[in-house]
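# Geometric and topological summary
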Amino acid sequence: MAADTSRIAIPAFGTKGKLWLGLLATVIVAGLAAWGYQLTTGLVATGMRNVFSWGLYIMMFVLFVGLSAGGLIISSAPKFFHSHRYEGFARLGVLVSLACITVAGLLILPDIGRPERLYQFFTSPDFRSPMVWDFGIVILYGVLNLWYLWLLTRRDLAARGSPLALGVDDTDAGRERDRTLMFWTAALALPTAVALHSVTGWIFATQIGRGDWFSPLVAPVFIAKALVSGLGLLLVVSVLADRLTNYEVDREELTSLGKILGVFLALHVVYLLAAERLPHAWANHFEFWAITSGFLIGESVYFWLWTVVGGAVPLVMLMIPSLRKRVSVIFTASLLAVFGTMFEGVRLVFTGYEVANIDLPPGISLGGEYAGITTDIWATAGAYTPTLVEVVVTLGIVAFGALIVTLGLKYVPIQRVDGQYATDGGTKERQ
Amino acid sequence: MTNYGLVIDQERCIGCQACAVSCKQENNVPMGQFWNRVLTEGGDKIDTPSGGYPDDGGSGSLDMQYQPTACQHCENAPCVKVCPVNATYTRDDGIVEIDYDKCIGCRYCMAACPYNARVFNWDEPEHMPEAGTGDVAARPQGVVEKCTFCSHRVDEGLDPACVVNCPADARIFGDLDDEGSTVSKYINEYETDQLLEDRGTNPKTHYISGEMSPGRPQTSDKMESELDDVSPWSDGAEDVPAEASESDSSGSGGSHHSIEGDAAPHVPAVGSGGDD
Ligand code: SF4
Ligand code: SF4
């Protein structure tokens, strides 16, 4: 096999590339420093308190778990059906998924009060806890992404003599075998992705004590959200990589994925949201117009950021035929979809903590000099604003994800250049 | 099996906060945190009624009640089910407790508890005085803590601190599985509610409202099981056993709380600094 079956997106870092790496390194170091500070002072350095006891870290965890879906699904679904559609996105997609699930997993660390005791997950797990399920599935998903990325690229890595091939040789027989393995990996990846998003949804959906969290719709909504935001992010990253590196997007595939994003948006923001809201609006109001407005009008600014800026606007952009073929439109719509989805997670956490079930005065003790609106130790409702420490820690972790993608573009042949490359395996069994 | 529960008579509660304060003191609860809170049902502020003053010879509509609230020790405790590392668990005697050496501080249990009964040590806990108070070791930064029904006292055959320190006899602790215990009798006899019953957590804390119970007339240092002749159904005065006055002299507390047989833990004596 010739070495030119694949392409490396960043052969060498230029000045801009080095500046970018420098920026990422700075943000990561700042994040580490902020986490160090938080470890010494305690979580009092965050905006969280007794009533509102989960904040930015969990909101962003929810976002990044969702973001990790797109790439893996776009690269494994066609492989499962022996199609070579979207092949141009396959490797980049898995790379982005890997980065996102890493970010999601790392975001849990600063949220934990005593991270040094995390080994308890192994020594003393309670299998009733959705958090244990999620812990397992996040790790499985991360390992699966890593394996899949390596599987997709190892023969090309070998052809280039990269040590990342880990001793695998580039042979025709080997490539044949890998196609079978890819099929089976794809077959495993799809249910794992579904499980990941459902289980993450169930962390919230099982809780009878937290308002709207307790809803059987949360898991399906998490899946739809993952499709929207994951695909959105993949499109954003691929357009950026196309502009800034040697990676090339196939215009036709990009437009086609843009259309799919439109369908996902319609399913998520229009259909599932309506399905969730209508019964409540109907049950709580009497007059026709009261029901209608209860159905249509959301309760918070997060709701509007999510449904309009992150839902309706990109949906319209992707629906108008004259617009949706433009790369700039696809890029903007995708960016908005990711941005809007962020507020869905924010809104979810707020709906759980804003209202206390028992809100009689004086209320609940907050447990720390509260830096927010109230001045005494009591609160009858939840209030939350992230602190600078939380923002910097989060940015540091996100920068680490960006570093993974950047290094992936540098060291992994991220694009095939020989076109046809369908999987094999499922059909063979049946023959 | 023993299954401890608490009955709180909201008709007897006078809102004095003695239970909240004695809980804080007994359990060495850090500054800025409360395990047990006496909430006001009525106006927007603590100790304020809802409604208005009577004018023009009317009767007015002022209304106020107190709802002492701590961990409800749920039978179907969501906090136990969510704890990923088994740090929160239900003891054999029904008390929901946290192993502070295991808790990783993920705060999933705080999300799970519908009653906001749990508090988290956001920073290094502060105590006044610095050495701490009561009989329970301080919990470190980064873990969740909450009411334990004073399991350290229960293990010694004593009622929880909030129960003995309630001057209105509004709190009664005992074994829900024992038909003859005062808690069981009261739950059968009076109209009792559990908080947020619709959530299906089945709390072991029951609230009496409507008709007032006779409270806990025992002022003796004897175990309840020895007080069979004392009827909780009478209005109290003549039920006070003769021994009560004798025990008044033993001011030290503790020494006379030995348990005999498998008697359920109950009222410490007058002299123990609680009821007097
Ligand atoms: S009241 Fe809250 S902390 Fe106590 S057992 Fe019930 S759920 Fe757990
Ligand atoms: S904070 Fe501690 S007690 Fe609560 S769920 Fe997490 S590990 Fe369990």
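Residues numbered from 1 in each chain as written. Chains lettered and ligands numbered in written order. Predicted model: local features only at pLDDT ≥ 70, side-chain atom pairs only at ≥ 80, totals over all residues. Heavy atoms only, no water.

## Focus on the interface of chain A and chain B
The criterion, for reference: Only heavy atoms enter the contact rule, under which two residues are in contact if any of them lie within 4.5 Å. Defined here as a combined quantity, buried area equals the accessible surface (1.4 Å probe) lost by two parts on assembly, summed across both. Put simply, a salt bridge is a Lys or Arg side-chain nitrogen that is within 4 Å of an Asp or Glu carboxyl oxygen. We count a stretch as a helix when DSSP gives it H or I for four or more residues in a row; a strand needs E for two or more, and each element gets its number in order from the N terminus. Gly is put with the polar residues, along with every residue not named as nonpolar or charged; the nonpolar set is Ala, Val, Leu, Ile, Met, Phe, Trp, Tyr, Cys and Pro, and the charged set is Asp, Glu, Lys and Arg.
Counting residues at the interface gives 53 residues for chain A, matched by 49 residues for chain B. The contact between chain A and chain B buries some 4,100 Å² in all, and 54% of this surface belongs to carbon and sulfur atoms. Summed over the three residues of chain A that lose the most area to chain B, namely Ile208, Ile358 and Pro361 of chain A, the buried surface amounts to 15% of that side. Arg107 of chain B is paired through a salt bridge with Asp111 of chain A; the nearest N and O atoms lie 2.7 Å apart. Counting only elements with at least two residues in the side of chain A that touches chain B, the list comes to α1 (15-41), α4 (120-123), α5 (130-159), α6 (172-205) and β2 (364-365) of chain A. Looking at the side of chain A that touches chain B residue by residue, the classes come out as 27 nonpolar, 18 polar and 8 charged.

## Here's the deal with the site of ligand 1
Basically, it comes down to this: It suffices for a single heavy atom of a residue to lie within 4 Å of a molecule or strand for the residue to be listed as near it.
Around ligand 1 sit 13 residues in total, of which Cys71, Gln72, Cys74, Cys79 and Cys113 of chain B are the nearest. The class makeup of the residues in the shell around ligand 1 is 9 nonpolar, 2 polar and 2 charged.

## Thoughts on the nonpolar core
For clarity, the cut-off: For our purposes a nonpolar core is just a set of buried Ala, Val, Leu, Ile, Met, Phe, Trp, Tyr and Cys residues, chained together by side-chain atoms within 4.5 Å. Think of it in three bands: with a 1.4 Å probe and only protein chains considered, a residue is buried below 20% of the maximum accessible area for its type, exposed above 50%, and partly exposed in between.
Core analysis: the biggest nonpolar cluster contains 162 residues, and Trp54, Phe89, Leu92 and Phe204 of chain A have the highest contact counts within it. Those residues in contact with Trp54 of chain A that lie beyond four places of it in its chain are Met48, Asp111, Met131, Ile203, Phe204, Trp213, Val349 and Tyr353 of chain A together with Cys106, Arg107, Tyr108 and Ala111 of chain B. Counting 7 residues, the second largest nonpolar core, distinct from the first, contains Val7, Val183, Tyr186 and Tyr190 of chain B.

## Brief notes about the site of ligand 2
Around ligand 2, the structure places Cys83, Pro84, Val85, Ala87, Thr88, Cys103, Ile104, Gly105, Cys106, Arg107, Cys109 and Val144 of chain B. Of the residues in the shell around ligand 2, the class split is 9 nonpolar, 2 polar and 1 charged.

## Here's the deal with α5 of chain A
All names here are of chain A. So the rule is basically this: One less than the number of residues in a helix, times 1.5 Å, gives the span that helix is expected to have. The angle between axes fitted to the seven residues ending at a residue and the seven residues starting there is what we call the bend at that residue.
If you check α5, its first and last C-alpha atoms are 44 Å apart, about what 30 residues at 1.5 Å a residue would give, namely 44 Å. Along α5, the sharpest change in direction is near 50° and occurs at Thr153. Just past α5, the residue Gly161 takes up positive phi, approximately 70°.

## Comments concerning the sheet that holds strand β10 (residues 205-208) of chain B
Residue and element names in this part refer to chain B. This is how the line gets drawn: Two strands make a pair as long as DSSP finds a minimum of two bridges between them. The convention used is that axes are lines fitted to C-alpha atoms, helices contributing only their stretch in contact, and that angles between N-to-C directions extend from 0 to 180 degrees.
The 4 strands are arranged β8-β1-β10-β9 in an open sheet whose pairing can be described as mixed. Each edge of the open sheet is held by one strand with a lone partner, namely β8 (171-175) and β9 (192-193). Sheet topology places β9 next to β10; 2 bridges connect them, and they run antiparallel. Residue pairing in the sheet places Asp193 in a bridge with Tyr207 of β10. Strands β1 (4-9), β8, β9 and β10 of the sheet are contacted by helix α6 (residues 182-189), whose axis makes an angle of about 110° with β8.

## Regarding the confidence of the model for chain B
Residue and element names in this part refer to chain B. Rules: pLDDT: the predictor's confidence for each residue, scored from 0 to 100.
On average, chain B scores 84 in pLDDT, and the residues at 70 or more come to 78%. Per-residue pLDDT stays below 50 along residues 234-264; that stretch engages in 36 contacts with residues further than four places along the chain or on separate chains. Across residues 267-276, where pLDDT falls below 50, the model places 31 contacts with residues more than four positions away in sequence or in other chains. Overall fold confidence for the complex sits at a pTM of 0.89, while the interface term, ipTM, reaches 0.92.

## Overview of helix α10 (residues 301-319) of chain A
All names here are of chain A. A rise of 1.5 Å per residue sets the reference length of α10, with its 19 residues, at 27 Å; its end C-alpha atoms lie 25 Å apart and thus fit the reference within 8%. For α10, the principal kink sits at Val308 and spans about 25°. Buried residues of α10: Phe303, Trp306, Thr307, Gly310, Gly311, Pro314, Leu315, Met317 and Leu318, and no others.

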